[in-house]
There are 2 protein chains.
Amino acid sequence: MRADAQRNAEKLRAAAAELFQERGLKVPLKEIARRAGVSHGTLYNLFGTREALIDEVVTGLAADRLDEAAEHALSFEDPREGFAYYIEKVCELQATDPAVADVVSGRFPAAECLMAICGRAQDAATRIIERAQLAGAIRPDFTSEDLLLFFGTNALLARAVADTAPDAWRRQVAFLLQGLDTAPAQEAPSAAPLTGQQVYDVMGRLAGTP
Amino acid sequence: MRADAQRNAEKLRAAAAELFQERGLKVPLKEIARRAGVSHGTLYNLFGTREALIDEVVTGLAADRLDEAAEHALSFEDPREGFAYYIEKVCELQATDPAVADVVSGRFPAAECLMAICGRAQDAATRIIERAQLAGAIRPDFTSEDLLLFFGTNALLARAVADTAPDAWRRQVAFLLQGLDTAPAQEAPSAAPLTGQQVYDVMGRLAGTP
DNA sequence: ACAGTTCTTGACCCTTGGGTCAACTTGCCT
DNA sequence: AGGCAAGTTGACCCAAGGGTCAAGAACTGT
């Protein structure tokens, strides 16, 4: 590969990483090229597909943080606390970084690294859930599949509320944790309830204009 | 208005109602015209905007069923049961009818009738929630705004799982109800857990290819 | 320093969906 | 029956986003 091509690829990776974090994994490829300062033809030439581009940057974008969350969750003495920590942490990552949100949701099946990260995350979730269940801390019929589905909807919710009430997702997470806990502590959710206007705004964004 | 125009408007309303129920309120207008057997120009001529068309059919599509659900919920002796019934019923309506899902989510702010229905639904929700809270059945900090947000995400989830595991949303609802209840009964969710493959499929559809 | 290979460019094509309007048809009233 | 208003049509416009490729620019090895 020629030196200038190498340089362009690097610029594209950088631009992609930026835009993925700002707007998620489905930003227009032409915009990535624009930010990188090259023609979109070059992007197609060097990477071919969006999935290939994702594969080259996604590890740095999400893998570390997800792995760390899982590790830390398992390091808690109390499996119940570890479980709660993990769910909140992952949701928080999703809320603060659209790229992570899309990674966890695991669209883009053609991106191998992404799917690998996804798989690792699910394995971690399984371990964290089972540990909590063995301790009798959470309901025994909750599965990692349920959790993934929750993460999937949380990704959308977090993105929809981002501009209006950036912490709104915490309430839903609190309700879920309460529902899963075998001995709920009935704590107050860690975010204020939304106003009618805020809900109105958010609803417009939920699957509305992305 | 000439008789043939009247007839065309009727055909368009019928086609719209059908397609809204099959695919939600954002089906392409040209497709509605095609199903009605008229040119899309006629649709624009007779209704002008998607919102106007929605306004003419949405009452028949959703209002009755939503009102009925609210009414029935309030007729329960036990406020806790009424509350649980209402949430499950609305989610079920969303799951079985994409039009209802979009109505409850209240996008399309320009559609007056739709927004009216939305408002009525929220009022009903408020009453049902407050009744349950007065009875001490559910946590006192849950608001109708929280519920609307939940409905919003449920709409997306229900649509995503429709082809793969049409009852999957019931598990999430069960977890929420458990989390809101002050004296949870720890019942089993009323749907089987998903398999990995099913989650994989669903994730692809969640905010993926609409 | 130049040939030859590699790479880049941007004009071009495709699709989907919203929207407009001049020219044509058709219903209706007299 | 005929004329005019009302209604219909479909070709056309737009924008966004994905993708391709001939022509030209730029590296690099000798």
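To start, this report covers the structure provided alongside it. Residue indices follow the written sequence of each chain, beginning from 1 at its first position. Working convention: letters from A go to chains and numbers from 1 go to ligands, in the order in which they are written. Predicted model: local features are reported for residues with pLDDT of at least 70 only, side-chain atom pairs are reported and counted for 80 or more only, and whole-chain, interface and lining totals are derived from all residues. Side-chain numbers come from the whole structure's heavy atoms, not from hydrogens or water.

**A short note on the relation of the copies chain B and chain A**
Here is the rule we go by: A least-squares superposition brings the copies together, and it is based on the C-alpha atoms of residues with pLDDT no lower than 70 in both.
Least-squares fitting of chain B to chain A yields an RMSD of 0.0 Å, with the superposition described by an axial translation of 0.0 Å and a rotation of 180°. The operation mapping one copy onto its partner corresponds to a two-fold rotation axis. Rotation axis and chain B: the residue whose C-alpha lies nearest the axis is G179 of chain B, separated from it by 1.6 Å.

**A word on helix α6 (residues 98-105) of chain B**
Put simply, the rule is: Here the term buried applies to any residue with accessible area under 20% of the maximum for its type, exposed to any over 50%, and partly exposed to those in between, with areas from a 1.4 Å probe on protein chains only. Strands here mean DSSP runs of E at least two residues long; helices mean DSSP runs of H or I at least four residues long; both are numbered from the N terminus. Only heavy atoms enter the contact rule, under which two residues are in contact if any of them lie within 4.5 Å.
With respect to burial, α6 of chain B is a largely interior element, eight of its eight residues being buried. Among the residues making up α6 of chain B, those that are buried are P98, A99, V100, A101, D102, V103, V104 and S105 of chain B. Of the surrounding secondary structure, the elements contacted by the buried residues of α6 of chain B are α10 (196-205) of chain A together with α1 (3-23), α4 (50-74), α5 (79-96), α7 (112-134) and α8 (144-161) of chain B.

**Points about the layout of surface pockets**
Residue and element names in this part refer to chain B. Stated formally: Both cavities and pockets are sets of points on a 1 Å grid over the protein atoms alone; in a cavity a 1.4 Å probe fits but cannot get out, in a pocket the set is open with protein on both sides within 12 Å along at least five of seven lines, and lining residues sit with an atom within 4 Å of a point. Grid points are joined across faces, edges and corners, and a volume is the space filled by probe spheres set on the points. Gly counts as polar in this scheme, as do all residues outside two lists: the nonpolar Ala, Val, Leu, Ile, Met, Phe, Trp, Tyr, Cys and Pro, and the charged Asp, Glu, Lys and Arg.
Computed from the structure, the second largest pocket encloses a volume of approximately 450 Å³. For the second largest pocket, the lining is made up of 21 residues, of which A84, L177, Q178, D181 and E187 are closest to its centre. Broken down by secondary-structure element, the contributors of at least two residues to the lining of the second largest pocket are α5 and α9 (168-180). Across the lining of the second largest pocket, the residue classes break down as 11 nonpolar, three polar and seven charged.

**Some words on the protein's contact with DNA strand D**
We count it as follows: Nearness of a residue to a molecule or strand requires only that one of the residue's heavy atoms be within 4 Å of it. The term polar contact refers here to a pair of N or O atoms within 3.5 Å; inside protein, the definition further demands a hydrogen-donor-capable atom paired with an acceptor-capable atom, and it admits residues adjacent in sequence only when both atoms are side-chain atoms.
The full set close to DNA strand D counts 21 residues, and A3 and R50 of chain A together with R2, N8 and T42 of chain B are the nearest of them. Counting only the atoms of DNA strand D within 4 Å of the protein, the fraction contributed by sugar and phosphate is 59%. Backbone polar atom of L29 of chain A to a phosphate oxygen of DNA strand D: 3.1 Å apart, as the coordinates give it. In the environment of DNA strand D, a base nitrogen lies 3.1 Å from a nitrogen or oxygen atom belonging to the side chain of H40 of chain B. Secondary structure elements with two or more residues in the surface near DNA strand D: α1 (3-23), α2 (29-36) and α3 (40-47) of chain A together with α1 and α3 (40-47) of chain B. Of all the elements, α3 of chain B adds the most residues to the surface near DNA strand D, at five residues. Each residue belonging to the surface near DNA strand D can be placed in one class, and the counts come to eight nonpolar, seven polar and six charged.

**Section: the interface of chain B and chain A**
Heads up, the condition is: Using a 1.4 Å probe, buried area is obtained as the accessible area two parts lose upon being combined, added over both of them. We count a salt bridge whenever a side-chain nitrogen from Lys or Arg sits within 4 Å of a carboxyl oxygen from Asp or Glu.
Each partner contributes residues to the interface: chain B has 42 residues there, and chain A has 41 residues. Roughly 3700 Å² is buried in total at the junction of chain B and chain A, and carbon and sulfur atoms are behind 66% of that figure. Broken down residue by residue, the surface that chain B buries against chain A is led by L149, F175 and M203 of chain B, which jointly contribute 19%. Where chain B meets chain A, there are two salt bridges. Among the salt bridges present, the one from D146 of chain A reaches R171 of chain B, with a minimum N-O distance of 2.6 Å. Linking chain B to chain A there are eight residue pairs in polar contact (both at pLDDT 80 or more). Counting residues per element, the ones that place at least two in the side of chain B that touches chain A are α8, α9 and α10 (196-205) of chain B. In terms of residue count, α8 of chain B provides more of the side of chain B that touches chain A than any other element does, nine residues in total. Looking at the side of chain B that touches chain A, its residues break down into 22 nonpolar, 13 polar and seven charged.

Read these as geometric descriptors, not functional statements.
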